[in-house]
Each structure stands twice: as structure tokens, then as C-alpha cells.
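Observations on the three-dimensional arrangement
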Amino acid sequence: MPPIVVIAGRPNVGKSTLFNRLAGRRIALVADTPGVTRDRKQAEARLRGRDVTLIDTAGLEEAAPETLAGRLRAGSASAVEQADLVLFVLDARTGVTPADRHFAQWLRRQGKPVLLVANKAEGRAATSAILEAYALGLGDPVGVSAEHGEGIADLMSEIADRLPAEPPAADPDADRPLKLAIVGRPNAGKSTLLNRLLGEDRMITGPEPGLTRDAIAVILTDADGRPIELVDTAGLRRRARIEAPLEKMSVSSAIEALKMAEIVVLTLDAVEGIHDQDLQIARLIEREGRGCVVALNKWDAVPDRNAARRAITERLEDSLAQMKGIPVVTLSALTGAGVDRLLPAVRKASDVWNKRVPTGELNRWFEGALARHQPPLVQGRRLKLRYLTQAKARPPTFVAFGTRAEQTPEDYQRYLVNSLRAEFDLPGTPIRLQFRGTKNPFAEA
């Protein structure tokens, strides 16, 4: 039997929308009215290579057993009893409510693994609610927008990591391909590059921009015999220049492929150099937390290669402060020159993206970093940062704890991220560094 993943939470926090998003199809009825879901809905899904049974439940409410709300809660409680993992969903716009706290305590008593999901987490306004959710004592919350698909790929990875181990005969990583997307502006040579990697004319190519419309996935095997799921996407232009409905759908498909990828190959036309739109795509990769490799295509046609590489590398470093050290591979998809270096660079980027740093090493570095450049004064008082832990990988995500840690200025945050990247050899991958304040027990004395 596949593991059972139960989605639970207060009414109208977006459980059914999340259920549909994880299932990959519209199954549960969705509306803004609380209490639409009454009967449990079930669907089979595949999340990051793991087959699971998803169960959508009615909203958790305190009510007498004989009432409708009480009967709905009993049905939800029955589903939780069967669960291998419970997704406890909060509304990040509303923040943590007393009802959320009550049901968080109830879930802890059930003895089931719980993954905290902060839904409707669009924009910066939801950040405080996500940090507030730590107080529930259910671990690190995962911020998503089920309606817009933001953060769903990370949530799938977290679910797969927390499921019971599969039988030894079925190694979950043995056959799981690395998910790789090729993105870039129109006519940068993305489809030609895919054909060269496959060794066959799988994609239609030509001088006309926009030949590729849909995101096309194929499986190839690298030199070490490991599988890679490679997705070629439509070219991404500036939004103001996208007019045709079909192109809008193509761009949407390309962005969705980028969000679902683990590593992204940003393909640039080396003859034209780096454009603002290329940087916008790179920033999207960084926001989604994907690993990145830059492919400088048409390198054989560049007249002054040293100057071209220097100009592109400097602009990448200046414009993408959160992804310093992005690996750059020069190649010609048309002739095949340099293409053999691309997949090894992708594998190395994947290793960095998946890297975990032992807690002991992390805090020894942290103590040294604080000693070299002590935390600044904020409102006349010095911040006290105490320790650091790695919350997850993919991308490497760290949480710093201390008194008023959440007030750490951005320039000091950048100092810590850059030092962290240099110390533990994390080039080119986004690094997430979060700060959690701890209460001073004498503050109100």
C-alpha cells in the first residue's frame, strides 16, 4: 500500500486547492465558502518518485459530536489515524489563530508525523506569519501558494523526505532521474542543445524564433549511467512583448517546468551577450531556489572569447548576488564542441544544491564569523546570535537563532551568506538564511 498523506486544518485555509495541486488534477470542489469539503476525498499521486495516497479532509472545528461540524471533525480524525504523514495547513494571510494552536496541540497528541504548510504565502506579507508558525512546535513550516503553484515543488520534496522508507528492494533514488530544465530567450539554441545531448534530432530546430511551444520532457543517461529527465522549454521573452494566447500558454508551461526542476540550464547566445531578460530569468531561478548552470552557446562564433566571457561573468556576479559562483560552460550546440562538459557541471551543481553541513562544523564556523565581524547595534543594543542549524537542503536552508535575531540588517545577512558560501564551497546555488528571535526571560521582569 502506498503511504497515506492526509491534508488537515481549519476550514477555508486552502486544503482542497492544495489537494488538487498535489494530485495534478482537479478532483476536489474548491470555493471561497468555508465548509465546501464534507466527505473525505482520496487520490493517488506521485511526488518526487514516491507513490502516495492523498486524502483531503473537512475543516477541523470544535463542535459537539452530534452536530454536523462534530461529525465532520470525527471523519477528519479518523483519516489522521490512518496517516503516515499529516499536512497541517495554515492560512499565511490570516496568521496563526487560536484554533490553529488548539489543533496543533491535538495533532501532537496523535503521535503522527506532521509537516506544517503555510498556504496563501504570496509576497512578503506572509513572511511574518510563516515565522510565527514556528511557535506551534511542529517543526519548520513550508510556505506555498496552492492557487498559484508557488513552493509546490519544495513541498513535494519535503513530503517525499518524510515518508516511511520504502522496502530495501526498491531504492527510492536508484532510478529517480535528476530533473533538469533548459531555459532561455527565444533562439538561444535550447532545442539544438537538447538534440545534441540526445544524439538525435528529437526537437524541431531552425533560425525562426519560437519553434518550441510546449515543455517537452525526455530521459537521457549521463556518462556514469545515471538518468536525467531533461525538459526543453519555449523561449521566455519580456511579458510586455507576449501577445498571442498560444505564446502565453507556452511561457506559462516553461515557467512551470522551471519550478518543477532541480537544476536549470540557462542558455545564453554568447554572440549577443547577456541581456536584461536573461538576468530576469536568472532571478526567477534564484527565487524558486533552483540550482543553475549557465550555458554560453554559439561559442564557436564569438570573435573575442576572453572579452565576451569576462563581460558575461562580471555581469552575472554583479547582478545575482544571491547566486555567486554560478558555473559557466562554453559550448556550441551546433558543432558539439564543449557539450560534453555540460552534464558533469549539472551533476556538480546538483551535489551543491543537495549539500548538508554537519551541525558541529556549522556552529564552529558561525562562532568564527561572529568573532571576525560582530553583529551590529540595532536601536542601541547589540544583537546576540547564538547558534545556527541547517533546516533542509535543496537549496541549502539555514536558520539562525538569537535574541532579536529577526532584526538582523540585510548587509550583515549578506556577510553571513557570503562567508557561509565560501567556507562550505556552495558556489552558484541559492542559500536561504532565516532568523528566529528568542524571548528574553528577564525582559518583562
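None of these values were measured; they are calculated from a predicted model.

Within the span of helix H6 (residues 190-198), buried status applies to Lys-190, Ser-191, Leu-193, Leu-194, Asn-195 and Leu-197. Where H6 terminates, the next one or two residues include Gly-199, which has phi positive at roughly 80°.

Strand order in the open sheet formed by six strands is S2-S3-S1-S4-S5-S6, with mixed pairing between adjacent strands. Both edges of this open sheet fall to strand S2 (41-47) and strand S6 (142-143), since each of them pairs with a single strand only. Sheet strands in contact with helix H5 (residues 152-162) are strand S1 (4-9), S2, strand S3 (50-56), strand S4 (85-91), strand S5 (114-119) and S6, and its direction is about 170° off that of S5.

Next up on the list: the confidence of the model for the protein chain. Taken as a whole, the protein chain shows an average pLDDT of 81; of its residues, 80% reach a score of 70 or greater. Below pLDDT 50 for its whole length, residues 29-39 participates in 22 contacts with residues either more than four positions away or in separate chains. Under a pLDDT of 50 for its full length, residues 440-445 has, in the predicted model, zero contacts with residues more than four places off or in other chains.

What follows covers the packing of helix H1 (residues 15-23) against H5. For the pair H1 and H5, interaxial distance at closest approach is 11 Å and the crossing angle is 80°. With respect to their mutual orientation, H1 and H5 come out roughly perpendicular. Across the interface between the two elements, Leu-18, Arg-21 and Leu-22 of H1 pack against Ile-152, Leu-155, Met-156 and Ile-159 of H5.

A few words now on the pairing of strand S15 (residues 384-392). It is a general feature of regular strands that their side chains alternate between the two faces of the sheet. Pairing of S15 with strand S16 (residues 397-403), which is carried by seven bridges, proceeds in the antiparallel orientation. Bridged to Leu-388 within S16 is Ala-400. Between S15 and S16, which pair antiparallel in sequence order, lie four residues; one of them, Arg-394, sits at a positive phi of approximately 60°.

Next up on the list: the pattern of salt bridges. Under the definition given, this model contains 17 salt bridges. Close ionic contact of Asp-276 with Arg-315 constitutes a salt bridge, the shortest N to O distance being 2.5 Å. On the criterion of sequence distance, the pair formed by Asp-276 in helix H8 (residues 276-287) and Arg-315 in helix H9 (residues 305-319) is long-range, its members being 39 residues apart. Look at Arg-315 and you get partly exposed, because its relative accessible area is 29%.

What follows covers the side chain of Thr-267. With respect to the secondary-structure elements, Thr-267 resides in strand S10 (residues 263-269). Excluding residues within four positions of it along the chain, Thr-267 makes contact with Ile-182, Val-183, Gly-184, Arg-185, Ala-188, Lys-190, Leu-193, Ala-295 and Asn-297.

The next subject is the environment of Gln-110. Assignment of secondary structure puts Gln-110 in helix H3 (residues 98-110). With 33 residues separating them along the chain, Gln-110 and Ala-77 place their C-alpha atoms 9.3 Å apart.

Rules used throughout
Residues numbered from 1 in each chain as written. Predicted model: local features only at pLDDT ≥ 70, side-chain atom pairs only at ≥ 80, totals over all residues. Heavy atoms only, no water. Buried < 20%, exposed > 50% of the residue type's maximum accessible area, 1.4 Å probe, protein only. Helix = DSSP H or I, 4+ residues; strand = E, 2+ residues; numbered from the N terminus. Pairing = 2+ DSSP bridges. Contact = heavy atoms within 4.5 Å. Axes fitted to C-alpha atoms, helices over the stretch in contact; angles between N-to-C directions. pLDDT = per-residue confidence, 0-100. Parallel < 35°, antiparallel > 145°, perpendicular 65-115°, else oblique. Salt bridge = Lys/Arg side-chain N within 4 Å of Asp/Glu carboxyl O.

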